[in-house]
Amino acid sequence: MQHAVGAPLPPPHQPGHAAAAWMNQAHPPLPQPPTPHGPPPPVPHTPPAPGWTAAAPQTAPPQPAPPRDATGHIHLPPGGPVAAPTPPHPEHGTGSATLAVLLIGPAGAGKTTVARYWAKNRRVPTAHISLDDVREWVCAGFADPQDGWNDQSEAQYRLARRTCGFAARNFLANGISCILDDAVFPDRPVVGLGGWKRHVGPGLLPVVLLPGLEIVLERNAERSGNRRLSDEEVAGIHGRMAGWYGSGLPIIDNSTYDVETTARVLDDVLARAISSPPAY
């Protein structure tokens, strides 16, 4: 192929590229007419043919807004302070009453085991909430009270107690009873009964589980990890729990009871407490 003198040579061909660029140089595109200024002219409306009806514009039907505080299609009522439960029949324990219980006791009293057993064997839905379990939700930075009671451990305790109270109110608002357990001291307002009543409500039913010191020491020796305390700590806590005597709260000495018997006694005590709330 020959080229005129002075004409540009075609570029070398590359894979995927034709000689389009060189052809554009040899044959430049024709000039385009200038674009008119201003908005484009309106499109003339064409009426429908005789005998036909123009179709209405298609619009999506409005979707209803999801209800507030709802999960799926089940409306969840907001949780509020727990009121006093309705007294059950005296011959059937707590029966089907919806109630909130606070089981108090020293380490090794068996309150967590008894609370879980009582909750699992009721005839109505019942939840068990352990403050120690909720407090240990904090992994990194957990302020273990065994390392010393300070501002951080107190703040985490208050947070766990408020979380338990929030959960209890929501369970009760949805018809589910609950039993909480905690080592509440009668001589320490910061970890006292008032905070629990404030977070749960006036209908909270406290019961003290207080076996003998020897039983508490034996049960504590069977524990492991940070749930196991020294004998001195157990004895000190047990001695302070004795301050609940004379407080008006019902006290169960489960030194000679197994878990099933203790749970049955607890149910009877709660039935009497519903019929005649203790003064505390």
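Rules used throughout
- Residues numbered from 1 in each chain as written.
- Predicted model: local features only at pLDDT ≥ 70, side-chain atom pairs only at ≥ 80, totals over all residues.
- Heavy atoms only, no water.
- Helix = DSSP H or I, 4+ residues; strand = E, 2+ residues; numbered from the N terminus.
- Areas by Shrake-Rupley, 256 points an atom, 1.4 Å probe, with all protein chains shown as cover.
- Salt bridge = Lys/Arg side-chain N within 4 Å of Asp/Glu carboxyl O.
- Buried < 20%, exposed > 50% of the residue type's maximum accessible area, 1.4 Å probe, protein only.
- Phe/Tyr/Trp six-rings, centres within 6.5 Å; stacked < 30°, edge-to-face > 60°.
- Lys NZ or Arg CZ within 6 Å of the ring centre and 35° of its normal.
- Arc of directions from axis to C-beta.
- Contact = heavy atoms within 4.5 Å.
- Core = buried A, V, L, I, M, F, W, Y, C linked by side-chain atoms within 4.5 Å.
- pLDDT = per-residue confidence, 0-100.
- Lys, Arg positive; Asp, Glu negative; His and termini not counted.
- Disulfide = S-S within 2.5 Å.
- Axes fitted to C-alpha atoms, helices over the stretch in contact; angles between N-to-C directions.
- Parallel < 35°, antiparallel > 145°, perpendicular 65-115°, else oblique.
- Left-handed = near helix turned anticlockwise from the far one by under 90°.
- Nonpolar A, V, L, I, M, F, W, Y, C, P; charged D, E, K, R; others polar.
- Pairing = 2+ DSSP bridges.

What follows covers the overall build of the protein chain. Within the protein chain one finds 8 helices and 7 strands. Within the structure as shown, the protein chain displays about 17,800 Å² of accessible surface, and the carbon and sulfur contribution to it stands at 59%.

Let us look at the pattern of salt bridges. With the rule as written, the count across this model stands at 3 salt bridges. When the shortest N-O distance is used, the salt bridge between D132 and R135 registers 2.8 Å. Taken as a pair, D132 and R135 lie in helix α3 (residues 131-135) at a separation of 3 residues, close to a single helical turn. For D132, a relative accessible area of 21% translates into the label partly exposed. Between R158 and E154 there is a salt bridge, and its shortest N-O distance comes to 3.2 Å. Placement of the pair is R158 and E154 together in helix α4 (residues 151-173), with a separation of 4 residues, close to one helical turn.

The relation between two aromatic rings is expressed through the spacing of the ring centres and the mutual angle of the planes. As enumerated under the stated definition, the model contains 0 aromatic pairs in all. Cation over ring: R240 sits above F185, and NZ or CZ is 4.3 Å from the ring centre.

Here helix α2 (residues 111-120) has its buried residues at K111, T112, V114, A115, W118 and A119. Down the axis, α2 shows its buried residues gathered within 165° of arc, on one side only. Elements in contact with the buried residues of α2: β3 (100-104), β4 (126-130), β5 (177-182), β6 (205-209) and α8 (259-275).

What follows is about the nonpolar core. Core analysis: the largest hydrophobic core is formed by 30 residues, its most contacted members being L102, I104, C178, L180, W196 and W244. Of all the elements in the fold, those that place two or more residues in this core are β3, β4, α3, α4, β5, α5 (193-200) and α7 (231-241). A total of 5 residues in this core trace back to one element, the largest contributor, which is α4. Excluding anything up to four places from it in sequence, C178 contacts L99, A100, V101, T126, A127, I129, A168 and L172. In terms of nonpolar packing, the next biggest core, distinct from the first, is built from 19 residues, L99, V101, I252 and I274 among them.

So, on to the confidence of the model for the protein chain. Here the protein chain averages 78 in pLDDT, and 65% of its residues register 70 or above. Ranking the helices and strands of the protein chain by mean pLDDT puts β4 first, with 97, and helix α1 (residues 20-26) last, with 45. Counting interchain partners and residues more than four positions distant, the pLDDT-below-50 stretch residues 12-27 has 6 contacts.

It is worth spelling out the side chain of D182 at this point. In this fold, D182 is placed in strand β5. Despite being buried, D182 has no salt bridge partner; R135 is the closest side chain of opposite charge, sitting 6.2 Å away. Excluding its chain neighbours within four sequence positions, the residues that come into contact with D182 are L102, L103, I104, G105, K111, L131, Y157 and W196.

The subject of this paragraph is the state of the cysteines. A covalent bond between the sulfur atoms of two cysteines is referred to as a disulfide. Scanning the entire structure with this criterion turns up 0 disulfides. C178 takes part in no disulfide bond, and the closest cysteine sulfur to it belongs to C164, at a distance of 9.5 Å.

Moving on to the packing of α4 against α5. In contact at an axis separation of 8 Å, α4 and α5 are set at 40° when each is read in the N-to-C sense. With respect to α5, the axis of α4 lies oblique. Where α4 crosses over α5, the handedness of that crossing is right-handed. Taking contact as the criterion, the partners of Y157, R161, R162, C164, G165, A168 and R169 in α4 are, on α5, G195, W196, R198, H199 and V200. Residue composition of the contact of α4 with α5, by class: 5 nonpolar, 3 polar and 4 charged.

Read across the sheet, 5 strands follow the order β4-β5-β3-β6-β7 without closing on themselves; strand pairing throughout is parallel. This sheet does not close on itself; its edge strands, each paired only once, are β4 and β7 (251-252). Looking at chain direction, β6 and β7 are connected through 2 bridges and run parallel. Paired with L209 across the two strands is I252, which belongs to β7. Across the sheet, α4 is in contact with β3, β4 and β5; its angle to β5 comes to roughly 165°.

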